[in-house]
Amino acid sequence: MSPEEEEKNEENPSILKLHIYTSRKYKTDVLQPQKELTDGNLRSSSKYKKERREIVSWSDEEIDALQKGVEKYGYGKWKAIFLDLDFKFHTSRNPSDLKDKYRLLTKKTSYYALKKQDFVVVDNEWNYLTDSLGKYDVYKEKFPHDACERAAILHCKSTLDGSIIRLMSLSNQSVMHVYEVFIIEEGCNKYKVRKISTLTRST
């Protein structure tokens, strides 16, 4: 507003317009300073730590005892099986462990549900590798990789680093699993196997 207009407004107060502006106040959250942590208000974490049990793999004897216990007492009688002194389990086990293990044993997609196969070592023409007496070794495993590791132990001394081992399952003789063996230490103390390919022949 110019000085001339202000003088006119002072002479004529009726035309004076008052504009009142009110400021809206917003509540703001004020962060209180954190209290210093002292020994008096700190919760001791050692009291709330849960002791971890020792992780022990199941032995074949334990698995056999569990299956026999279910045959004797029936499914779901885990406490009775656990307390039976005829069935020996590791000292770290409890009835819940028996229930969880049996669930894995009976699961169709479980590793334990797979049946072992008979694998033999063959040459590149799909013929069995035999000794001087015409005998060949059979490796009973669930997977060809495990059978190859066993075959590498027997054939390690007679083969060089980077040798090829071919395996075939007696139940499916149309598939050949080809692996390469790497000797890590002399004397065949350490080695590793790597799968190269899987071949299929037409019948």
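In this report, the structure presented in the accompanying data block is examined. The shown structure was predicted, so the numbers you read here are calculated from the model rather than taken from an experiment. (Residues numbered from 1 in each chain as written. Predicted model: local features only at pLDDT ≥ 70, side-chain atom pairs only at ≥ 80, totals over all residues. Heavy atoms only, no water.)

## Some remarks on helix α4 (residues 95-106)
Each α-helix turn comprises 3.6 residues. Residues three or four places apart therefore point the same way.
Working step 1: Between its first and last C-alpha, α4 extends 17 Å over 12 residues, near the 16 Å set by a 1.5 Å rise per residue.
Working step 2: Elements in contact with the buried residues of α4: α2 (60-73) and α3 (78-83).
Working step 3: Where α4 begins, the side chain of Asn94 points an oxygen toward the backbone nitrogen of Ser96, at a separation of 3.0 Å. (Helix = DSSP H or I, 4+ residues; strand = E, 2+ residues; numbered from the N terminus. Expected span 1.5 Å × (residues − 1). Contact = heavy atoms within 4.5 Å. Polar contact = N/O pair within 3.5 Å; in protein donor to acceptor, adjacent residues only side chain to side chain.)

## Focus: a nonpolar patch on the surface
Working step 1: A grouping of Tyr111, Leu114 and Phe143 is seen on the molecular surface, where their side chains present a nonpolar patch of about 270 Å² in accessible area.
Working step 2: Tracing the backbone shows Phe143 in the loop between β2 (138-141) and α5 (144-155). (Patch = residues over 30% accessible without salt bridge, like charges linked within 9 Å, V, L, I, M, F, W, Y side chains within 5 Å. Areas by Shrake-Rupley, 256 points an atom, 1.4 Å probe, with all protein chains shown as cover. Salt bridge = Lys/Arg side-chain N within 4 Å of Asp/Glu carboxyl O.)

## Considerations on the sheet that holds strand β4 (residues 172-183)
Working step 1: Overall, antiparallel pairing links the five strands, which are arranged β2-β1-β3-β4-β5 in an open sheet. Looking at strand neighbours, the two that pair on one side only are β2 and β5 (191-200), the edges of this open sheet. For this sheet, the mean angle separating the axes of adjacent strands, direction not counted, is 35°.
Working step 2: When strand β1 (residues 117-122) meets strand β3 (residues 163-169), the two strands line up antiparallel, connected through four bridges. The residue of β3 that forms the bridge with Val121 is Leu167. (Pairing = 2+ DSSP bridges. Axes fitted to C-alpha atoms, helices over the stretch in contact; angles between N-to-C directions.)

## Observations regarding α2
Working step 1: Look at α2: 20 Å from first C-alpha to last across 14 residues, which is about the 20 Å you get at 1.5 Å a residue.
Working step 2: Within the span of α2, buried status applies to Glu62, Ile63, Ala65, Leu66, Gly69 and Val70. The arc that holds every buried residue of α2, seen down its axis, measures 160°, which confines them to one face. Residues of α2 that are exposed and point more than 90 degrees away from the buried face comprise Asp60, Glu61 and Glu71.
Working step 3: Along its buried surface, α2 packs onto α3 and α4.
Working step 4: In the stretch just after α2, Gly74 is the one whose phi turns positive, near 100°. (Buried < 20%, exposed > 50% of the residue type's maximum accessible area, 1.4 Å probe, protein only. Arc of directions from axis to C-beta.)

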